[in-house]
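Residue-level listing of the chains:
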Amino acid sequence: MASQPGPLTQWPWQKLGNFKYVLLAPWVAHSMHKFMAASGEKRDMINFLIFPILLLRLLYSQLWITFSRYQTAKSKHRIVDKSLDFDQVDRERNCVRNAIESDGELDGRDDQIILTALLMYMGNMVVPGASHLPWWETRGVAITILLHMGPVEFIYYWLHRALHHHFLYSRYHSHHHASIVTEPITSVIHPFAEELSYFVLFAIPLMTMAFTGTGSIAAAVGFHSLHHTQFRTNYSLFMPFYDYIYGTIDKSSDEQYERSLKGKEERPHVVHLTHLTHLQSIYHLRCGFSSLASKPYATKYYMWILWPLTFASMLLTWIYGTTFTAERNRFKRLIVETRVVPRYSFQYKSLCERDTINNLIEKAISQSEEEGAKVITLGLLNQGSELNGYGELYLKRNSLLKTKIVDGTSLAVAVVLNSVPKGTKSILLVGKLSKMAYFLSLSLCKRGVQVEMVQKDEYEILKLQLPPELHGRLVFSDSYTSEVWLVGDGVTDQEQLRARKGIRFIPFTQFPPKLVRKDCIYHCTPAMVVPKAYENLHTCENWLPRRVMSAWRVAGIIHALEEWNAHECGDVVTGVEKAWHAALAHGFLPSEDCINWVTC
């Protein structure tokens, strides 16, 4: 919002929430009926194309946003070297209050799409010469270009200067300038009154063509797209000669442009290697929809409309045979990058994909070492026991590897241990055995906590792995009465249903368990709250809340900050207490948001 919101700041349909899209329904229906009922030259093509054109423009703008964010994450060419945060993402999702509470809004662009569609439908209906347009009219195109270079640019320049007067700036334009780190979407984020003034201004060429009978579909669509892909240079739109004429050009503009072209080479110190999970997860990346990426992952019913694009993206990631950079952050002296293996969770379960995935991960590790990275962490299924032995496979293939491979077990175990309520005497361990399960059991037994298991085979295996002096703390039981459950992979619905009311489920897995009981307490997967000094964090990590990071990812950052000169992979751990105290010392905290957590 502007610092002192003025009249008509909010959009008229603000209170309708997601029902605002219904406003377009009668216009679209009337357009389709009108087009189908007519025949031949009586069909009004411009009226019929209004809605499809706006949808295409929405897709076009999203492609630019995706490309821009991808380039920002990996490129050295940046104009502003500052941090983007959740506040800016929320502000640009919607120009009004409660933006964070509204699902389904596409970064504030949908309000503009609705306004544009309504005005175009109305104009087509009431303005003489605005219907039944030919595809091309040379005179109209020439008029549009001349009017834009002349009165439109001139009036826009002075309108923009007026908006920077303290009276209008505090009431309207300050909302736009609250975004310091500009992205493509920033250029179209304005309060309603300001946006309306731009529409009146940009209507000059369109209305002129209509009244002179020189309008065409090409000119109307082209000019509309032109003013929505604007690049603001100081006060001008995208032709800065008025800034030169009136002396308002920023003298540092050319210098800044040249400096950004040269760029500043930055190499990561820490690389976190993750992968895609569900098919829709690609939209939750930073380069996807920011309105989705800025919130914990949840399946949205309306996203199934995009299934052709989703399927195409799956094929693209399958063909695109290398990892890509999704996010770049700063913390203290470190540059931290998140890179994505272009494979989905279901592909990790396929035996025929195993060698390909291992090659992708190994290539990413080699690239990180070439760039001088100190640490690479293996997130989610990238550290699977069957896939690569918790990362040990890559050490066997390259014993001289300088970049430290960290699977984060020590810190993840520490987070789980500190999630267990104080005074707990016994804990039920369920699910498949893993490295996490072993070190959790070892730590709990050393603390004098009784670890119960209900699976005989798993119990016998774990008992052989534990030191003999701790065997008395590991108990085979046929009851499910423990008040705290440590939940691993493979826990069934039937097992959860046997739990008593109020049981606390604490997962020690990469993925959250299925929510079966509404009368029990579910924790999220091991995670910690990041310090405020952690920069450029404006997306949620999968299903985790804002500014909460998985313990496995945090472990790599701590490893680099502490300059520990050892790998943590295979059967090796850094040390549970050592990792926990180091994380706390660097400002990472236990996450209280992870209690009573629910997944969709």
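Predicted model only: the values in this text are computed from it and were never measured.

Caption draft 1: Up close: a nonpolar patch on the surface. There is a patch of nonpolar side chains on the surface, built from Tyr301, Trp304, Trp307, Phe311, Leu315, Trp318 and Ile319 and spanning about 930 Å² of accessible area. Looking at where Trp318 falls in the secondary structure, it is placed in helix H12 (residues 307-319).

Caption draft 2: Here's a closer look at the confidence of the model for the chain. Per-residue pLDDT for the chain has a mean of 83; in total, 86% of the residues score no lower than 70. The model gives residues 95-105 a pLDDT under 50, and that stretch makes 37 contacts with residues more than four places away or in other chains.

Caption draft 3: Summary view of the side chain of His190. When you line up the elements, His190 lands in the loop between helix H6 (166-177) and helix H7 (192-212). The exposure class assigned to His190 is buried, which follows from its relative accessible area of 1%. Engagement of the side chain of His190 in a polar contact is seen with the side chain of Glu194, the distance being 3.0 Å.

Caption draft 4: Layout of unusual backbone geometry. If you check the backbone angles, Lys332 has positive phi at about 55° while not being a glycine. Mapped onto the elements, Lys332 comes out in the loop between strand S2 (324-331) and strand S3 (334-341).

Caption draft 5: Spatial organisation of helix H14 (residues 354-370). With 17 residues, H14 ought to run about 24 Å at 1.5 Å a step, and its terminal C-alpha atoms sit 24 Å apart, in line with that. For H14, the complete set of buried residues consists of Ile357, Asn358, Leu360, Ile361, Ala364, Ile365 and Ser368. Buried residues in H14, looked at end-on, bunch into an arc of 160°, giving them a common side. Across H14 from its buried face, at more than 90 degrees, point the exposed residues Asp355 and Glu370. Two residues or fewer past H14, Gly372 is found with a positive phi of approximately 85°.

Caption draft 6: Structural view of the packing of helix H17 (residues 409-417) against helix H21 (residues 551-561). Put simply, H17 and H21 touch, their axes get as near as 8 Å, and they point 125° apart. Considering their axes alone, H17 and H21 lie oblique with respect to each other. Read as a crossing pair, H17 and H21 show a hand that is right-handed. Contact residues: Thr409, Leu411, Ala412 and Val415 in H17; Ala551, Trp552, Val554 and Ala555 in H21. Among the residues making up the contact of H17 with H21, the classes are represented as 7 nonpolar, 1 polar and no charged.

Caption draft 7: Structural context of the sheet that holds strand S13 (residues 548-550). Spatially, the 3 strands line up as an open sheet ordered S13-S12-S14, and their pairing is antiparallel. The strands lining the two open edges of the sheet, one partner per strand, are S13 and strand S14 (589-590). In the sheet, strand S12 (residues 527-529) pairs with S14 via 2 bridges, with the strands oriented antiparallel. The residue of S14 that forms the bridge with Met528 is Pro590.

Caption draft 8: Region of the structure containing the nonpolar core. Leu411, Leu486, Ile557 and Phe588 are the most contacted members of the largest nonpolar core, which totals 56 residues. In contact with Phe588, other than residues within four places in its own chain, are Phe331, Met528, Val529, Val530, Pro531, Val554, Ile557, Ile558 and Ala583. With 18 residues, the next largest nonpolar core counts Val271, Val341, Ile376 and Leu395 among its residues.

Caption draft 9: Molecular detail of the pairing of strand S7 (residues 450-453). With 4 bridges joining them, strand S6 (residues 426-430) and S7 adopt parallel strand pairing. Across the sheet, the residue bridging to Ser426 is Gln450, located in S7. Remark: the S6/helix H18 (residues 435-446)/S7 crossover connection has right-handed handedness. Looking at chain direction, S7 and strand S8 (residues 474-476) are connected through 3 bridges and run parallel. If you follow Glu452 over to S8, its bridge partner there is Val475. Following the backbone out of S7, through helix H19 (residues 456-465) and into the adjacent parallel S8, one traces a crossover that is right-handed.

Caption draft 10: Region of interest: the pattern of salt bridges. Summed over the entire model, instances satisfying the criterion amount to 17 salt bridges. Note that Arg328 is salt-bridged to Glu337, the shortest N-O span being 3.0 Å. Of the two residues, Arg328 and Glu337, neither departs from the other in class, the shared state being buried. Residue Glu371 pairs with Arg339 through a salt bridge whose shortest N-O separation is 2.6 Å. Within this pair, whereas Glu371 is found in the loop between H14 and strand S4 (375-378), its partner Arg339 is found in strand S3, the two being separated by 32 residues in sequence. A residue is classified by how much of its surface remains accessible, and Arg339, at 4% relative accessible area, is buried. Via salt bridges that share partners, Arg328, Glu337, Arg339 and Glu371 belong to a single interconnected network.

Quick notes on the rules
Residues numbered from 1 in each chain as written. Predicted model: local features only at pLDDT ≥ 70, side-chain atom pairs only at ≥ 80, totals over all residues. Heavy atoms only, no water. Patch = residues over 30% accessible without salt bridge, like charges linked within 9 Å, V, L, I, M, F, W, Y side chains within 5 Å. Areas by Shrake-Rupley, 256 points an atom, 1.4 Å probe, with all protein chains shown as cover. Salt bridge = Lys/Arg side-chain N within 4 Å of Asp/Glu carboxyl O. Helix = DSSP H or I, 4+ residues; strand = E, 2+ residues; numbered from the N terminus. pLDDT = per-residue confidence, 0-100. Contact = heavy atoms within 4.5 Å. Buried < 20%, exposed > 50% of the residue type's maximum accessible area, 1.4 Å probe, protein only. Polar contact = N/O pair within 3.5 Å; in protein donor to acceptor, adjacent residues only side chain to side chain. Expected span 1.5 Å × (residues − 1). Arc of directions from axis to C-beta. Axes fitted to C-alpha atoms, helices over the stretch in contact; angles between N-to-C directions. Parallel < 35°, antiparallel > 145°, perpendicular 65-115°, else oblique. Left-handed = near helix turned anticlockwise from the far one by under 90°. Nonpolar A, V, L, I, M, F, W, Y, C, P; charged D, E, K, R; others polar. Pairing = 2+ DSSP bridges. Core = buried A, V, L, I, M, F, W, Y, C linked by side-chain atoms within 4.5 Å. Right-handed = clockwise from strand over helix to strand, strands pointing away.

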